[in-house]
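# Structural features, examined
Listed here are the chains, written in short residue letters.
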Amino acid sequence: MIWALPFIPALAGLAIWAWGPSARTAGAAAGAAAVVTALLALLVGSDTVSVAWSEMISLRAGLTPQARVVAVTVALVALPILIFAAASEAALGLARLIGLLLVFVGGMELIVIAADFVTLLIGWEIVGACSWALIGHRWREGRPVASANYAFVMTRFGDLGLFVALFTVFAATGETGYDALGALEGPSLALAGAGILVAAVSKAGQVPFAPWLFRAMDGPTPVSALLHSATMVAAGVYLLARLQPALAGAPGFAVAAMAVGLVTALAGGVEALRQMHAKKLLAGSTSAQMGLMIATVGAGFPGIAILHLVVHAVFKAALFVSAGAAHHASGGFDLRAMSLGRAMPWAAAATGLAALSLAAVPPLAGGWSKEEMVKALEHAGAVPAILVVVAGGLTAAYAARFAWMSFGPGEVRDPRPTAGTAVALGLLSVATLALSFLWFPDIHDLAARVLGAELPEGSRLGLIASLAAVALGVLAGLSMARQPGAAPSADWLGLPRLIETVVTGPFEALARAAALADDRAIDGQDAAAGRATASARGAVAGIVGATGGLSRARRRAAARRCPISWPPGRATWPAAAARTPASSRPGLRITITPT
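Our subject in this report is the structure included herewith. (Residues numbered from 1 in each chain as written. Predicted model: local features only at pLDDT ≥ 70, side-chain atom pairs only at ≥ 80, totals over all residues. Heavy atoms only, no water.)

## Quick word on the packing of aromatic side chains
For clarity, the threshold we go by: Centres within 6.5 Å make a pair out of two Phe, Tyr or Trp rings, where for Trp the six-membered ring is used; the pair is then stacked when the planes are under 30 degrees apart, edge-to-face when over 60, and tilted otherwise. Working definition: helices are DSSP H or I runs of at least four residues, strands are E runs of at least two. Numbering for both runs from the N terminus. When accessible area is computed with a 1.4 Å probe and restricted to protein chains, residues below 20% of their type maximum are described as buried, those above 50% as exposed, and intermediate ones as partly exposed. For a ring to carry a charge above it, either NZ of a lysine or CZ of an arginine must fall within 6 Å of the ring centroid while also lying within 35 degrees of the normal to the ring plane.
Under the definition given, this model contains 3 aromatic pairs. When the centroid spacing of 5.2 Å and the interplanar angle of 75 degrees are considered together, the rings of Phe117 and Tyr178 count as edge-to-face. Of this pair, Phe117 sits in helix 5 (residues 117-135) while Tyr178 sits in helix 7 (residues 178-181), placing them 61 residues apart in sequence. According to the relative accessible area criterion, Phe117 is buried, its value standing at 1%. Among the residues examined, Tyr178 registers a relative accessible area of 6% and is labelled buried. With 5.7 Å between their ring centres and 25 degrees between their planes, Phe437 and Phe440 make a pair best called stacked. Here Phe440 falls in the partly exposed class, since its relative accessible area comes to 48%. Lying over the aromatic face of Trp404, Arg482 brings its terminal NZ or CZ to 5.1 Å of the ring centre.

Right under this line is the structure:
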């Protein structure tokens, strides 16, 4: 029954794509598939099951407490996004879009239930392929296709780490299950841990892979909402949290995870503050939030990372839906051209709620889960604790700036909002408020027991510093929103240019040099050999032709002198005739003399 979790949304998506129903029917069918998937994730047992792939490899699936929570979250967050997609996207290609979104959900569910590296890789590849197709959905426009290729290649490069981990585990143990990872030690464990970390941070949009998230913003807004909230980007964090008990002993894993996560949290926060493009601001925010979760895993608290993953999925989906609504109303994603608070007060309220949760303002859910991450990183030392507090201040600043610039007071317009957009924002707002009950001790203790998570103890100084940073960040963000500057000339602090100069450029130069060497050396030798062969064949043909011509000339000359004797077939050559007297030559002889 557990295998139905990925198959139900995937098969429903393929059916919708093939059927091509109306927008309303497609939205209803997709929503039903999401609800059924969520219910199944709640009801299915926790036993691990396996299917034989070969004599040596089996596909295994199981639902740990963390996996069950994430599986339910993926389906429930997908529900309002699918409704939003059906209501807001153009009819042309809508069935394909909704169908691929459901297959995307199915791939993520397969990642969540996977209990071995082969099953994980299958889900990993499905998610990667779907993201490519979804980002390039509007292929007629040109740029989305290039962005889809960019995102696909960059994440594929990181995916190589997962293959390294699989090969290492299988070579060392002869098994592919997650439990075999715990049997590794020393260099083998370090290599497998490094491969898993590289694969996870590439999917999660961490430095140096972060620029692909900006390019992914060329896809439709529902794609951005699902990709950034509960599927592909979240897959990296989930994988690290799922395997953290086995990876904790890997040399350098904890330090590397915290370093990558905190650097990305700070860089992503700064980049989000610079952006005037609504979706790119949210993309920088996603990288930063995933960085905080990865750092929390590195600090030894994977359960806290999962809790924030759930909270983040809800408010980030709401923010992307609100960005889509603002785009439909203003005609673009430029924050300086929005200010839709008077035109869309209902969207302004939902956006403010989600933005305050992102900013970690109490008593909203984001505030509780963020403070738990601060406590977790306090356990790792003073430097991680200071950096997470600074990252929290940056988060509050860009969240406040986004909310004010997108839905602050402005001119009254006629935005013509869709009912589907209002329903999606309403559902996500209710979920954000419901999660805010995590502030109550009984509720967060229950959540910790369900996840098997340990709630860290923090200092009063850390709490005061964190809340002060949030307050200062909100004030700074509002001030920046009232005095917006120019859009940045380069995305992600110039990281894409650096990658182009250091990696892409030299690689392309090497490829061109290899192609030139192939053309001149290898293909040149083949061409020279071909010319030599052709010359030899020409010479042979000339000799054969000359020989044939000489033979024909000799035959013609002989025919002029040759007597023909009777009976037929008895020819007398001139030399023989000269040696034989005429009286001794029997038979009738007819001599033909050419004139």
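Moving on from the model shown.
## Observations regarding the pairing of strand 2 (residues 58-61)
The condition that has to hold: Here, a strand pair is defined by DSSP locating no fewer than two bridges between the strands.
Going residue by residue along strand 2, you find Leu59 and Ala61 tucked away on one face and Ser58 and Arg60 left uncovered on the opposite face. Here 4 bridges tie strand 1 (residues 49-52) to strand 2, and the two strands are oriented antiparallel to one another. Residue pairing in the sheet places Ser50 in a bridge with Arg60 of strand 2. Between strand 1 and strand 2, which pair antiparallel one after the other, the connecting turn spans 5 residues.

## Some words on helix 6 (residues 143-173)
Short version of the rule: What a helix should span is 1.5 Å times the count of its residues minus one.
When the terminal C-alpha atoms of helix 6 are compared, their 46 Å separation across 31 residues agrees well with the 45 Å that a helix rising 1.5 Å per residue should span. Two residues or fewer past helix 6, Gly174 is found with a positive phi of approximately 75 degrees.

## Brief notes about the side chain of Thr264
This is how it is decided: Whether two residues are in contact is decided by their heavy atoms: any pair within 4.5 Å suffices.
Locating Thr264 in the fold gives a position in helix 12 (residues 253-274). For Thr264, a relative accessible area of 0% gives the class buried. With residues up to four places along the chain from it excluded, the contact list for Thr264 reads Gly205, Gln206, Val207, Gly269, Ser287, Ala288 and Trp492.

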